[in-house]
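# Topology and contacts: notes
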4 protein chains.
Amino acid sequence: MRGDSAIAEWERYCQVPLLVASLLYLAAYTVHVLVPEVSPGWHEFWLTITFGTWAAFIIDYAVRLGLSPSRWVYARKHWLDLLVVLLPLLRPLRMVQVYAAAQLRRPHPRLSLEGQVMALTLLTALLLGYSGSLAVYRVEQGAPGASILTFGDAVWWACVTLSTTGYGDVVPVTWRGRVLAVLMMAVGVALIGAVVGVFSSWLVQSFREKTQEARRRSED
Amino acid sequence: MRGDSAIAEWERYCQVPLLVASLLYLAAYTVHVLVPEVSPGWHEFWLTITFGTWAAFIIDYAVRLGLSPSRWVYARKHWLDLLVVLLPLLRPLRMVQVYAAAQLRRPHPRLSLEGQVMALTLLTALLLGYSGSLAVYRVEQGAPGASILTFGDAVWWACVTLSTTGYGDVVPVTWRGRVLAVLMMAVGVALIGAVVGVFSSWLVQSFREKTQEARRRSED
Amino acid sequence: MRGDSAIAEWERYCQVPLLVASLLYLAAYTVHVLVPEVSPGWHEFWLTITFGTWAAFIIDYAVRLGLSPSRWVYARKHWLDLLVVLLPLLRPLRMVQVYAAAQLRRPHPRLSLEGQVMALTLLTALLLGYSGSLAVYRVEQGAPGASILTFGDAVWWACVTLSTTGYGDVVPVTWRGRVLAVLMMAVGVALIGAVVGVFSSWLVQSFREKTQEARRRSED
Amino acid sequence: MRGDSAIAEWERYCQVPLLVASLLYLAAYTVHVLVPEVSPGWHEFWLTITFGTWAAFIIDYAVRLGLSPSRWVYARKHWLDLLVVLLPLLRPLRMVQVYAAAQLRRPHPRLSLEGQVMALTLLTALLLGYSGSLAVYRVEQGAPGASILTFGDAVWWACVTLSTTGYGDVVPVTWRGRVLAVLMMAVGVALIGAVVGVFSSWLVQSFREKTQEARRRSED
């Protein structure tokens, strides 16, 4: 009990700094991938930010683990947080969580349930699509026979993969790129699952309401 | 209250003229893309129609905004209308709304709820598929290495993309064409979501009814 | 009333002959497409069967239309039957209907609701996939740049299209083949909608029952 | 009754040995496909394991059929078991069943209903994806014009097919490979159905709970 409220207080204090750190990490990774030939000074600056923000994520996770009364249960329940610490490029998922928590704290949420799920789906697609494009562009660079030649190709590939369209005009050819692609496909199927569920429920719901409204109006 | 009823009255008056204007805009855009080498007189005629109908959309939006008691709330609630004013090629979406409203005004709608959602999905697919084919054909024309060479190719590409099949025999190669493709994929996923939701609910519902009917018949 | 029972009686008498006629039509079309160089005698034999069965479909539709008290209402309600008369290759859809009706007439159906929908989905996929393969193979034969060269390629293409996978190694290149492909995609999306709906509902349902059973067993 | 409890007892005794046999069969098949040039001694060793485990599956099925009071009903109800005996590469499906049964026997299952379905979906995807990769790699080896050249290509192809993305950069070209591909697509569509159903229901459920929790907190 005491541990839980301490963790909640810690999370409230760290929320904004960690959001900034997440954006900084993404910015540093972007510079690392897209502007490889910076001057040594800048290179060190971005390297410091990369590892500084990563250290911040590790410290945050360690503190929360330390505050929890039963560490094993906490680690198992928050496995996503551990994954994010190991692979900071997945940090956007944590940002989505923070956004969802902020949305739910309001007494009168601005969006309906369906709108919230849709917004989270879009946010996840955008952030993971961006991270995935960066990562795939980096591992495919200079590979023999690569079809992902520019960052624009990587973004295009990410969109084609997330929607499971799969034209096949640009595909990863390295095994690391293919592993990233398989993860993207899995995310894509999950996101389509969310879109399908939300969209169909929202569509049917809204039509039912409009039909009832139209009937009420015709009865008056 | 007063503003709302004034808007409703305005919308009732403008419905048919705006529907005609939407079809005229689509016709003018079609001529602009598919028949580029018309005589100067016809060129001016279609240009006048393009900008005249666009002006009509802007005036309609401005009047509704002016009649609404709280403009900011109205703009936020009807964001689709603003999008349609900025990108008149998305006007078909507004036509789908008008069709849906007309359908719902009848006291005894001809189609069931599922039939209505299906009809709207089909209408959206047809209109957005047609607009998207025109737009992609225009931006891909003459691009080096383009595989969308004729308007038929563009229509074929739109169908392959909307169903997320993605053969990859014809793909956009310019960045503007790829942006259009990403929008088409998003629409495709949403439409598949609608089809999946409607189709499965309708299938299960109809089978349940038939089973009950068969049991009643066997009891007689 | 009188018309309805007369139609039901007519349908009961014609069910088996029409099923045989449907299979004969499919066999004749198969021979026509796959064995083009038969002897003149056989050619005439299969031609007679093709037009004979087609005539049977038209007569059946005409009799039912004649028996119905309100022809316009009947034609609108049974639009699928009219479509099947115009395009006898879609006849398999009517066979699926007959199978569904026979299944539902039993007082104790052998399959659960989900099993029935799944069986119908499979039957539709098999029959329409077969018809579509034949039709696409016929229109793509000899087209310049065609990638559907054998009937095996056509069947492979039909499977790839119905599942919306879309590898793109074999694609139709003629406009008639592409129209067939668009129809196949639409059928594919609808079938996936049925599979998704049935599979998920069945999965969740069966797990719920098993969980309850396991709890009951542990309470004993 | 007596037969049913005898079968249940037999299944309880055989569960662990058959699980080991399944893993051994998969290992032997893996060696057979991936390490074709082993020494004659090892070749015979793996051949013995392949046919020994297969014999174990056949004996298990025969015993259960012998114990059942009505053999025909049992065979029809457990058609998956017969399929697994004929095609032991589908054995993973039986392993998934065993895992599901073990999960459900616990009085307090560790995972929620949605978590269990998700775990089964993942397990099926992994095991069938692995078996399918091995089988496709074997039948495509040395085919003229093959694009699946290494086992890595086969795994990549399996992932692209199961998610129905279908890039088309690696595709089977032999008819046996294409039959395997059609089976993989069918499995892929079913798995996507499961993911879509589970994911959407879980998402909506969890959001509803969080919203209620947030409201309760704001009321305190």
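Conventions we followed
Residues numbered from 1 in each chain as written. Chains lettered and ligands numbered in written order. Predicted model: local features only at pLDDT ≥ 70, side-chain atom pairs only at ≥ 80, totals over all residues. Heavy atoms only, no water. Core = buried A, V, L, I, M, F, W, Y, C linked by side-chain atoms within 4.5 Å. Buried < 20%, exposed > 50% of the residue type's maximum accessible area, 1.4 Å probe, protein only. Contact = heavy atoms within 4.5 Å. Salt bridge = Lys/Arg side-chain N within 4 Å of Asp/Glu carboxyl O. Helix = DSSP H or I, 4+ residues; strand = E, 2+ residues; numbered from the N terminus. Expected span 1.5 Å × (residues − 1). Axes fitted to C-alpha atoms, helices over the stretch in contact; angles between N-to-C directions. Parallel < 35°, antiparallel > 145°, perpendicular 65-115°, else oblique. Left-handed = near helix turned anticlockwise from the far one by under 90°. Nonpolar A, V, L, I, M, F, W, Y, C, P; charged D, E, K, R; others polar. Patch = residues over 30% accessible without salt bridge, like charges linked within 9 Å, V, L, I, M, F, W, Y side chains within 5 Å. Areas by Shrake-Rupley, 256 points an atom, 1.4 Å probe, with all protein chains shown as cover. UniProt positions renumbered as here; feature names shortened; annotations may be inferred.

### A few points about the nonpolar core
Among the nonpolar cores identified, the biggest contains 107 residues, and A:Trp157, B:Trp157, C:Trp157 and D:Trp157 are the most heavily contacted of them. If sequence neighbours within four positions are ignored, B:Trp157 has contacts with A:Tyr167, B:Gly132, B:Val136, B:Ile148, B:Val170, B:Val171, B:Pro172, B:Ala181 and B:Met184. Of all hydrophobic cores here, the second largest spans 16 residues; its members include B:Ile192, C:Val189, C:Ile192 and D:Ile192.

### Some words on the pattern of salt bridges
Any two side chains of opposite charge can pair if their charged atoms end up close together. Applying the stated criterion across every chain yields a total of 16 salt bridges over all chains. A salt bridge links B:Arg64 to B:Glu11; the nearest nitrogen and oxygen atoms lie 3.4 Å apart. Placement of B:Arg64 in helix H2 (residues 40–67) and of B:Glu11 in helix H1 (residues 2–34) is noted, with a sequence separation of 53 residues between them. For B:Asp60, the salt bridge is made with B:Arg64, and the minimal N-O distance between the two is 3.1 Å. Here the residue B:Asp60 and the residue B:Arg64 both occupy positions in helix H2, the gap between them amounting to four residues, near one helical turn. According to the relative accessible area criterion, B:Asp60 is buried, its value standing at 4%. Given a relative accessible area of 2%, B:Arg64 falls into the buried group. One network of salt bridges, with partners in common, ties together A:Glu11, A:Asp60, A:Arg64 and A:Asp81.

### Some remarks on helix H7 (residues 151–162) of chain A
Residues and elements named next belong to chain A. Given a rise of 1.5 Å per residue, twelve residues ought to cover 16 Å, and the 16 Å separating the end C-alpha atoms of H7 matches this to within 8%. Of all twelve residues that make up H7, nine are buried, and the element is covered over most of its length. Residues of H7 that are buried include every one of Phe151, Asp153, Ala154, Trp156, Trp157, Ala158, Val160, Thr161 and Leu162, and no others. Positive backbone phi, at 55°, marks Thr164, one or two positions downstream of H7.

### Quick look at the packing of helix H2 (residues 40–67) of chain D against helix H4 (residues 79–86) of chain D
Two packed helices can be described by the angle between their axes and the distance between those axes. Residue and element names in this part refer to chain D. Contact geometry of H2 with H4 gives a least axis separation of 9 Å together with a crossing angle of 150°. By the criterion of interaxial angle, the relationship of H2 to H4 is roughly antiparallel. The handedness of the crossing between H2 and H4 is left-handed. Residues Trp54, Phe57, Ile58, Tyr61 and Arg64 of H2 form the contact with H4, whose participating residues are Asp81, Leu82, Val85 and Leu86. Grouping the constituent residues of the contact of H2 with H4 by class yields seven nonpolar, no polar and two charged.

### A few points about a nonpolar patch on the surface
Side chains of A:Trp79, A:Leu82, A:Leu83, A:Leu86 and A:Leu87 sit close together on the surface and give an oily, nonpolar patch of about 510 Å² of accessible area. Residue position: A:Leu83 is located in helix H4 (residues 79–86).

### Concerning the side chain of D:Thr124
Residue and element names in this part refer to chain D. Here Thr124 is to be found in helix H6 (residues 113–140). For Thr124, a relative accessible area of 12% corresponds to the buried category. Setting aside its immediate chain neighbours within four residues, Thr124 contacts Leu93, Val96, Gly129 and Leu191.

### Notes on the environment of A:Arg138
All names here are of chain A. The residue Arg138 is located in helix H6 (residues 113–140) in this model. Since its relative accessible area comes to 42%, Arg138 is described here as partly exposed. The spacing of Arg138 and Phe151 is 13 residues in sequence and 8.9 Å in space, taken between C-alpha atoms.

### A look at helix H2 (residues 40–67) of chain C
Between its first and last C-alpha, H2(C) extends 40 Å over 28 residues, near the 40 Å set by a 1.5 Å rise per residue. Buried within H2(C) we find C:Trp46, C:Ile49, C:Thr50, C:Thr53, C:Phe57, C:Asp60, C:Tyr61 and C:Arg64.

### Things to note about the UniProt feature "transmembrane region" (unreviewed entry) in chain A
Residues and elements named next belong to chain A. Within this structure's numbering, the places UniProt gives as "transmembrane region" (unreviewed entry) are residues 12–33, 45–67, 79–97, 117–136, 148–167 and 179–204. For residues 12–33, the helix share is 100%, the strand share is 0%, and the end-to-end C-alpha distance is 32 Å. Measuring from the first to the last C-alpha atom of residues 148–167 gives 13 Å, for a span that is 60% helix and 0% strand.

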